[in-house]
Amino acid sequence: MAVRAVRGAVQLERDEAGHMDEQVGALLTAVLERNALTADDLISIWFTATPDLHSDFPAAAARKLGIVDVPLICAQELDIEGAMPRVVRLLAHIESDRPRADINHVYLGAAAALRKDIAQ
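Bear in mind the structure is a predicted one, so any value in this text is a computation, not a measurement. (Residues numbered from 1 in each chain as written. Predicted model: local features only at pLDDT ≥ 70, side-chain atom pairs only at ≥ 80, totals over all residues. Heavy atoms only, no water.)

Participant: Could you give me a rundown of the pattern of salt bridges, with the residues and numbers involved?
Facilitator: Counted by the stated rule, this structure contains four salt bridges. A salt bridge links glutamate 13 to arginine 14; its shortest N-O distance comes to 3.5 Å. The residue glutamate 16 makes a salt bridge to arginine 14 at a minimum N-O spacing of 3.0 Å. Among the residues examined, arginine 14 registers a relative accessible area of 35% and is labelled partly exposed. (Salt bridge = Lys/Arg side-chain N within 4 Å of Asp/Glu carboxyl O. Buried < 20%, exposed > 50% of the residue type's maximum accessible area, 1.4 Å probe, protein only.)

Participant: Explain the sheet that holds strand S3 (residues 72–76) residue by residue, including any values.
Facilitator: Pairing is mixed across the open sheet formed by five strands, whose spatial order is S3-S2-S4-S1-S5. This sheet does not close on itself; its edge strands, each paired only once, are S3 and strand S5 (106–108). Pairwise comparison of adjacent strand axes, ignoring direction, gives a mean angle of 15 degrees for this sheet. Looking at chain direction, strand S2 (residues 42–49) and strand S4 (residues 87–96) are connected through seven bridges and run antiparallel. Across the sheet, residue leucine 42 finds its bridge partner in S4, namely isoleucine 94. Contacts from helix H1 (residues 17–34) reach strand S1 (2–11), S2, S4 and S5 within the one sheet, and its direction differs from that of S5 by about 145 degrees. (Pairing = 2+ DSSP bridges. Helix = DSSP H or I, 4+ residues; strand = E, 2+ residues; numbered from the N terminus. Axes fitted to C-alpha atoms, helices over the stretch in contact; angles between N-to-C directions. Contact = heavy atoms within 4.5 Å.)

Participant: Can you break down the pairing of S3 residue by residue, with the values?
Facilitator: Looking at chain direction, S2 and S3 are connected through five bridges and run parallel. Paired with isoleucine 45 across the two strands is leucine 72, which belongs to S3. Handedness of the crossover joining S2 and S3 through helix H2 (residues 59–64): right-handed. (Right-handed = clockwise from strand over helix to strand, strands pointing away.)

Structure, rendered in structure tokens:
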């Protein structure tokens, strides 16, 4: 089994805890489904949020999905002028037999514009 990394992002419409839970939950679910993963395949997940998001920790959405024994951490993105607002990103470390080229990175909605080169 190899250690791989999966990237993803989603742009929130508004800074509300319930909306963040919904959107981050959808992102994480899509990452798992598109890569045929279960929670047992996760090693750790690093979440970042743009500085304009204050309503909740993105990792809280993962816990609500039942991912309770995987190390999670949240951090703030750099405050870059002109950057897309209200974005949560994730970097998940996984165990997988998939070749690196077969990993599906997931950018939902408007966040797909962030990485057109790898967005699925």
